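If you want the building blocks of each chain, they are given just below.
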Amino acid sequence: MAERDRSDSELDATVASDETPAVDSPGPGPAAKPGSFGPGATIGRYLIKEVVGAGGSGLVLAALDTELGRKVAIKVLSREQEEGRIRLMREAQAMARLSHPNVVTVHEVIRVGDREGIVMELVDGVDLATWRKDTTPTWREVVAVYIQAARGLAAAHRIGLVHRDFKPSNALIDRDGVVRVTDFGLVRAASEHPITGDDDTPPPPPIEGAAWEDVSLTRTGVILGTPAYMAPEQHAGGPVDARTDQWALACSLYHALYNQRPFPGHTLSELATSVLGAKLRDEPRSSKVPRPIRAAIRRALSKEPGERYATMDQLIGALAPPRRGGVAVAAVGVAAVGAVAALSFARSDDASTRCRGLEAPFTAIWNAGRAAELEARFTSVGSDAGAATADTVVAGLDKRGKQWVEARIQTCAQGQQGVISSELLDRRVRCLDGRLVEMETIISAWLTIERDSIGGAPDVVDRMHAIADCEDPSQTIPLPTDPALRAEITRGERVLAQAWALAEVGFFDRSRPLAAEAVAIGDRAAWAPFQARALMQLSKALSHEDKGTEALALIDRAATAAARAGDDLNFAETLISRFWVVAVDLGRPDDALAGQQYIELALERAKNPPRQRAHWLHHLAAAYYYKHRYDDALAAERASQAILKELFPPGHVELRDGDNSIAVFQSARGEYDEAQRLLEATLAHDLRTRGPDHPVVASDLLNLGDIDQARGDLVAALARFERGAAILAKAGQPEWMYSLSVGFARYELGRWSTAIESLERALAGAEKTSPPPSLQVGYATTELGAALTAMGELERGREVLVRSVDVSRAAKSPALADALGALALNALARGDVEAARRAVAEGRGAEGGDAPRLLAAEAELARRDGDCGAARTKLAELESFAKKKSLELTLTDVAVARAECALAEGKARDAAAALEARIARMESLGAEPPALARARRTLARVAPKR
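The rules behind each value
- Residues numbered from 1 in each chain as written.
- Predicted model: local features only at pLDDT ≥ 70, side-chain atom pairs only at ≥ 80, totals over all residues.
- Heavy atoms only, no water.
- Helix = DSSP H or I, 4+ residues; strand = E, 2+ residues; numbered from the N terminus.
- Buried < 20%, exposed > 50% of the residue type's maximum accessible area, 1.4 Å probe, protein only.
- Contact = heavy atoms within 4.5 Å.
- Areas by Shrake-Rupley, 256 points an atom, 1.4 Å probe, with all protein chains shown as cover.
- Salt bridge = Lys/Arg side-chain N within 4 Å of Asp/Glu carboxyl O.
- Disulfide = S-S within 2.5 Å.
- Core = buried A, V, L, I, M, F, W, Y, C linked by side-chain atoms within 4.5 Å.
- Pairing = 2+ DSSP bridges.
- Axes fitted to C-alpha atoms, helices over the stretch in contact; angles between N-to-C directions.

A. How the structure looks around the overall build of the protein chain. Along the protein chain, the regular secondary structure elements total 38 helices and 11 strands. By residue count, 55% of the 946 residues in the protein chain fall in the buried class. Relative to all contacts within the protein chain whose residues are 6 or more apart in sequence, the contacts with residues 24 or more apart total 66%. When the accessible surface of the protein chain is totalled, it reaches about 39200 Å², and 52% of it is carbon and sulfur.

Shown next as structure tokens:
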């Protein structure tokens, strides 16, 4: 880049080069001293090549990063600009949050003696003011260049930042025609005070008589921003937002197109009067700029922000309207994944015309014939529900097809016009090709689908990756340059897309081998970004098979690969998935919550993508629920839903999933009416769209069964639990949680002959799915041990309960107190009173100290100590809890304990009626004789003549 003089306003324009220079391991050279930045000096690992700009506020150096072998620009602040340090840091922080081809990349902030410096990419080019002056661009070229700048500003707006000082000298164009916006020193979050250097100080009045070209806009007490490009609200000292940048871009574009400023004025005062008076000049009559573009610029220059476009993206659309008609381009086949050459024609003013015909790859996989074939398949295996499902799916695929074709043609046209860089063009095409592979795989799978699997098809359409995301793909790391390696990774991306699609359809047996193949490709290619995504897909397959430990190991590998690749979004997603596996699959919510702050930091580094944040809040809610923090769980889930409602239309599967979770949390809080309303609506939808034998229906039944139990109908709850378990068993899916609910309900109803079998199956499933220490194994061992104790298998019950306490302690389970209470009851049944006292003492200090079995053990100890008053207090607490949870056998045990106290006090007949009522109740519920043996023995003692 040729050295040239620069004014202060030009100083912040950074320059960039896409070429990586050869590095000959230069010696360290003389260390740069404050005030000495000549060629050959060093600043840390940076070797200074030249001073490319200098002024009152500092200087810009061109340098070589000797470690990474890349050219960089280092912006260093002068000592005199002490107050500018805050501005410099603000610029660095703002730009570091942006990762976009039309924004200058910030690498790091460094210390330069007693000053700060920002290390940025070096752009081998000039600013737009110089470009316009030194070339004779057509109006189309001018518009195309400023559209690129607008895209950079739009990227800033999407993460909540406003530039506030856009002008031609703050946008650079390189030798390849790629534009980058720079100088974010005046950037603020949209909610901050927008105008003055001091957030709490109102802006000063205009400087009368000062020529606007010469106003130094970094001096203390002067409005920040360049007057020639300041919007009306900036002149008036009002609030600014993204529409302020829109005004500045339109002002710059007007000047570049017509070679005159849009508003007259030779001084700041005259200019402010023109702008605030909306005295917009007429365009030159000789201009060939089309009327729609003129109108777009005029609208963006409206005095009132509300009269401008709502977003920068809308302005971009108005400046580059799609064209119609023209000659079709040869179709690009589906197999040509990532074939950028198909879109990389020479630049042409007739780009949109030449990009016609790109719908061919999509119509090859989805057309009228394929739609009819799919409708026939769904109807044949799903009767009436199948026809309705087919209608929904066909409409969804038609919509996606339209979106895909529009996106492909737009990408082609923008690539030819030079509106987007070749790197972004490559990423967009790869993204769109991936979407096509997903759809192709899903449609082919549906054509072989069986009855039990068709119901979830509309949800699969909902979950397909959005076509709109390909406009600015999240995968920002370029492929390796080696052709063979690129081809291998491209093949791997196709395999990975197929694995994801088959998993979504429910063909896990076909998905997992493909995911494993993708991991193998990633390992061979040793390209970390792809490795991370492949490992995550395989981990999801293992998680579905309840292999949580194996899934966790893969997620940890994926997180490492994403971190090494600098793939912030993928890294955040891996940490979020890891949280779920640890908290839910492995039943260790405390361990998961210990890493909460790191997930927040990862999301912040990834610029807080809304969908990922919503997923994180959903996972966080689940961890809170497992910790019995129901208020926190409900708050987190509602926050997740608020985000998702901004992203998806009503009825979207993710919104329904969120409603289902909210219902579960409400039920845990005792808000049964609202919870049941939501859950019954979910069940009705799933029965209608999926049929009665779908695994999702089993989940609905489990949740509704919990409400039945809470409402006092344990028999109805058991029926739902048993139905859910049968659905999952038929589908060949793990159902241990349902077995746990079934076993517990049978035990409390006195149906002991089948309770133990269910509880043993639940424990085996929990141990496989969530190896100890986990909440799940703790719950299962407690229920099994308590049932064995009640049935007289005291030694086996003790062994199981000792393990339950050990596991619950290690897992920091909120059910530890209940496990200790069950162990104490077992000790009392064995006559070991001291062991019972030790267990009760520990239980009182544990989380969940009001657990039912602990209350029962405390009451029994008090009764044996002859303190029936204390026993009755504990029994009253236990009775209240048992009534709320429909614990029928527990209520009978309470009646037995009260009768035995009455017998000891000589008041036996007072307890007889209550005990008789409980026995009659249990008999009506189908209780078996062994479950009533103790109650009948006690009744015989308190009412011997009855």
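Structure's up, so let's keep going.
B. Spatial organisation of the pattern of salt bridges. For the structure on display, the rule yields 62 salt bridges. Put simply, Glu-488 and Arg-491 hold a salt bridge, and the shortest N to O gap is 3.8 Å. In this pair, Glu-488 and Arg-491 are both assigned in helix 15 (residues 483-505), 3 residues apart and thus about one turn of the helix distant. With its nearest N and O atoms 2.5 Å apart, the salt bridge here joins Arg-677 to Glu-674. Linking Arg-677 with Glu-674, this pair stays in helix 25 (residues 672-690), spanning 3 residues, or about one helical turn. Using a relative accessible area of 32% as the deciding quantity, one classes Glu-674 as partly exposed. Salt bridges sharing partners connect three or more residues here, namely Asp-426, Arg-430, Arg-486, Glu-493 and Arg-533.

C. Quick peek at unusual backbone geometry. Residue Pro-773 is reached from Pro-772 by a cis peptide bond, and omega for that bond is 0°. Within the secondary structure, Pro-773 is located in the loop between helix 29 (752-769) and helix 30 (775-790). The backbone of Ala-278 shows a phi angle near 55°, a positive value even though the residue is not glycine. Structurally, the position occupied by Ala-278 is in the loop between helix 7 (268-276) and helix 8 (291-300). Given a relative accessible area of 45%, Ala-278 falls into the partly exposed group.

D. Looking closely at the state of the cysteines. This structure, assessed with the given rule, holds 2 disulfides. Across a sulfur-sulfur distance of 2.0 Å, Cys-431 and Cys-470 are joined as a disulfide pair. Given an S-S torsion of about -75°, the disulfide between Cys-431 and Cys-470 has left-handed geometry. On the criterion of sequence distance, the pair formed by Cys-431 in helix 13 (residues 422-446) and Cys-470 in the loop between helix 14 (457-463) and helix 15 is long-range, its members being 39 residues apart. Note on Cys-431: relative accessible area 12%, which makes it buried. Cys-470 sits in the buried class, given a relative accessible area of 3%. Shown here is the disulfide that connects Cys-868 with Cys-901, its sulfur atoms set 2.2 Å apart. Handedness here is read from the sign of the S-S torsion; for Cys-868 and Cys-901, about -100°, the answer is left-handed. Here Cys-868, found in helix 35 (residues 868-885), pairs with Cys-901, found in helix 36 (residues 888-904); they are 33 residues apart in sequence, far enough to count as distant. Take Cys-868 and Cys-901: they sit in the same class, and that class is buried.

E. Layout of the nonpolar core. By size, the foremost hydrophobic cluster in this structure holds 153 residues, and its most contacted members are Trp-366, Phe-378, Trp-446 and Phe-579. With 13 residues, the single largest contributor to this core is helix 12 (residues 368-417). By size, the runner-up hydrophobic cluster in this structure holds 56 residues, among which are Val-181, Ala-228, Ala-248 and Met-312.

F. Here's a closer look at the side chain of Asp-700. By secondary structure assignment, the location of Asp-700 is in helix 26 (residues 695-710). Residues within four places of Asp-700 in sequence aside, it is in contact with Asn-660, Thr-682, Leu-683 and Asp-686.

G. Structural view of the sheet that holds strand 9 (residues 171-174). On the basis of which strands lie adjacent, the open sheet formed by 3 strands has the order 7-9-10 and antiparallel pairing. Among the strands making up the open sheet, the edge pair consists of strand 7 (125-127) and strand 10 (179-181). When strand polarity is set aside, the average angle formed by the axes of neighbouring strands in this sheet is 25°. Sheet topology note: the strand 7/strand 9 ladder contains 3 bridges and is antiparallel. Residue pairing for strand 9: Gly-125 is matched across the bridge by Asp-174.

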